Amino acid sequence: MNATGSEPQTVKFRGSDDITLVADEWNRGVESERSSVLLLHGGGQNRHSWKQTGQILADRGLHVVALDSRGHGDSDRAPDANYTVDALCSDTLQVVEQIGRPVALIGASMGGMTGMLVAAAAGPDRVTQLVLVDVVPRYEKDGSARIREFMSSGVNGFESLDEAAEAVAAYLPHRKRSRNPEGLKKNLRFRDGRWFWHWDPAFLTAPADNRFVREEKLEQAVMGLTIPVLLIRGKLSDVVSSDGVKDFLEKVPHAEFAELSAAGHTAAGDDNDAFSEVVVQFVSR
């Protein structure tokens, strides 16, 4: 019989640059031989992207932390708009230190890039497993540009939740659209009569060189890992191609691979049941 996980608590961590990072935490204080699970979302998302997966992992008795990265959700905006992957890595290393026990890292897109660097820097005693959700060092630039285009389209806000839902539906045509747009309130904030995405616009307007890290640095980090690694790809993804997967598995031959047939780049939200099943099997070993 599965354990029943707690409801998440909102907690705070201290990141680099003395910024405050907000997270949801399940099963605080629960003793387990298994690693804690630290969930890192993608660019333009927040910790609520992991709500269902976090609860499923918690229901298995795991200690789970879903973090709002700097400039996203309720975490502090970065001083000087410093949203480099190196800065995100520094934040996450501090969070791992504050969790105070080994962690399995699960990172989507930007969070996966961060996870590669964190796992390499922290070492196998502190990061015991790494799950990369639709991200490889050599990703497709056209798919990445489409993400930026979608994010840019909402910088000036939306008149209504329905208008925001239309934008999401246009970006994710493969995903079944919810009849009620109220769920978007976790990702939007209402001010001055309009709805705005809940992330710092400076994240998008900072030069690309300041936001992303060189492919070679990511490859070097992940190729040196000895811990179990799982790559999950959404089959409909335009960010991670079949060639990108093949290249990754050749360079990280001990990595495992799973493909979700009904998911795109936002795999955890596209087919959460299938995604969570794969993740639970991997981290529960």
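In the block above lies the structure referred to throughout.
Values in this document were obtained by computation on a predicted structure and should not be read as measured data.

Asker: Give me the lowdown on the overall build of the protein chain, citing residues and values where you can.
Answerer: Helices and strands together make up the secondary structure of the protein chain, namely 11 helices and 10 strands. What you see for the protein chain is a C-alpha radius of gyration of 18 Å, in line with the 19 Å of a compact globule of 285 residues. Judged by the C-alpha coordinates and their principal axes, the protein chain covers about 50 × 40 × 40 Å. The buried share of the protein chain, reckoned over its 285 residues, is 53%. Nonlocal contacts in the protein chain, meaning residues at least 24 apart in sequence, comprise 75% of its contacts between residues at least 6 apart. Looking at the protein chain as shown, the accessible area adds up to about 12,900 Å², and 48% of this sits on carbon and sulfur atoms.

Asker: Which residues make up the pairing of strand β7 (residues 188–191), and what values go with them?
Answerer: Each regular strand shows side chains that alternate between the opposite faces of the sheet. Both β7 and strand β8 (residues 194–197) contribute to a ladder of 4 bridges, which runs antiparallel. If you follow R191 over to β8, its bridge partner there is R194. In textbook terms, the turn of a hairpin is the stretch between consecutive antiparallel strands, and for β7 and β8 this stretch comprises 2 residues, one of which, D192, has a positive phi near 50°.

Asker: I'd like to hear about the packing of helix α3 (residues 110–122) against helix α8 (residues 215–223), residue by residue, with values.
Answerer: As a packed pair, α3 and α8 sit with axes 8 Å apart at the nearest point and diverge in direction by 50°. Comparing the axis directions of α3 and α8 gives the class oblique. Between α3 and α8 the crossing geometry is left-handed. Residues M113, M116, L117 and A120 of α3 lie in contact with α8, whose contacting residues are K217, L218, A221 and V222. In terms of residue class, the contact of α3 with α8 is made up of 7 nonpolar, no polar and 1 charged.

Asker: How would you summarise the nonpolar core if you had to cite specific residues and measurements?
Answerer: Across soluble globular proteins, nonpolar side chains have a tendency to be buried as a group. Counting residues in hydrophobic clusters, the biggest one holds 63 residues, and the most contacted among them are F13, L38 and F248. With 7 residues, the top contributor of residues to this core is α3. One finds L62, V64, F275 and V279 within the second-largest nonpolar core, a separate group that totals 26 residues.

Asker: An account of the sheet that holds strand β9 (residues 229–234) is needed here, citing residue identities and associated values.
Answerer: If you walk across this open sheet you meet the 8 strands as β1-β2-β4-β3-β5-β6-β9-β10, and the pairing is mixed. What marks the edges here is a single partner per strand, and that holds for β1 (9–14) and β10 (256–260). On average, each strand axis in the sheet is tilted by 20° relative to the strand beside it, whichever way the strands run. In the sheet, strand β3 (residues 36–40) pairs with strand β4 (residues 64–67) via 4 bridges, with the strands oriented parallel.

Asker: Before we move on, could you go through unusual backbone geometry and cite the residues and values that matter?
Answerer: Positive phi outside glycine occurs at D134, with the angle close to 50°. Considering the arrangement of structural elements, one finds D134 in the loop between β6 (127–133) and α4 (141–153). The residue D192 is not glycine, and still its phi comes out positive at about 50°. Considering the arrangement of structural elements, one finds D192 in the loop between β7 and β8.

Asker: Which residues make up the environment of L130, and what values go with them?
Answerer: Looking at the element boundaries, L130 is found in strand β6. Sequence-wise, L130 and V283 are 153 residues apart; in three dimensions their C-alpha atoms are separated by 9.0 Å. Not counting the four nearest positions on each side in its chain, L130 is found in contact with L105, G115, M116, A119, L225, I227, P228, V229, L230 and F282.

Asker: I'd like to hear about the side chain of H265, residue by residue, with values.
Answerer: Residue position: H265 is located in the loop between β10 and α10 (267–270). At a separation of 3.0 Å, a polar atom in the side chain of H265 contacts the side chain of S109. In this structure, H265 is in contact with S109, D134, I147, S237, V239 and D270, ignoring residues within four places of it in sequence.

Asker: Tell me about the pattern of salt bridges, residues and numbers included.
Answerer: The final tally for this structure, using the stated rule, is 22 salt bridges. Residue E182 pairs with K185 through a salt bridge whose shortest N-O separation is 2.8 Å. When salt bridges with common partners are traced through the structure, they connect R138, K141, E215, E219, D247 and K251 into a single cluster.

Asker: I'd like a rundown of α4, residues and numbers included.
Answerer: Spanning 13 residues, α4 covers 18 Å between terminal C-alpha atoms, matching the ideal 18 Å at 1.5 Å per step. Every buried residue of α4 is accounted for by G143, S144, I147, F150 and M151. Here the buried residues of α4 occupy an arc of 115° about the axis, which is enough to place them on one side. Away from its buried face by more than 90 degrees, α4 exposes D142 and E149. Looking at the buried positions of α4, the neighbouring elements they touch are α5 (161–171), β8 and α6 (202–205).

Rules used in this analysis
Residues numbered from 1 in each chain as written. Predicted model: local features only at pLDDT ≥ 70, side-chain atom pairs only at ≥ 80, totals over all residues. Heavy atoms only, no water. Helix = DSSP H or I, 4+ residues; strand = E, 2+ residues; numbered from the N terminus. Rg over C-alpha atoms; globule rule 2.2 N^0.38 Å. Buried < 20%, exposed > 50% of the residue type's maximum accessible area, 1.4 Å probe, protein only. Contact = heavy atoms within 4.5 Å. Areas by Shrake-Rupley, 256 points an atom, 1.4 Å probe, with all protein chains shown as cover. Pairing = 2+ DSSP bridges. Axes fitted to C-alpha atoms, helices over the stretch in contact; angles between N-to-C directions. Parallel < 35°, antiparallel > 145°, perpendicular 65-115°, else oblique. Left-handed = near helix turned anticlockwise from the far one by under 90°. Nonpolar A, V, L, I, M, F, W, Y, C, P; charged D, E, K, R; others polar. Core = buried A, V, L, I, M, F, W, Y, C linked by side-chain atoms within 4.5 Å. Polar contact = N/O pair within 3.5 Å; in protein donor to acceptor, adjacent residues only side chain to side chain. Salt bridge = Lys/Arg side-chain N within 4 Å of Asp/Glu carboxyl O. Expected span 1.5 Å × (residues − 1). Arc of directions from axis to C-beta.

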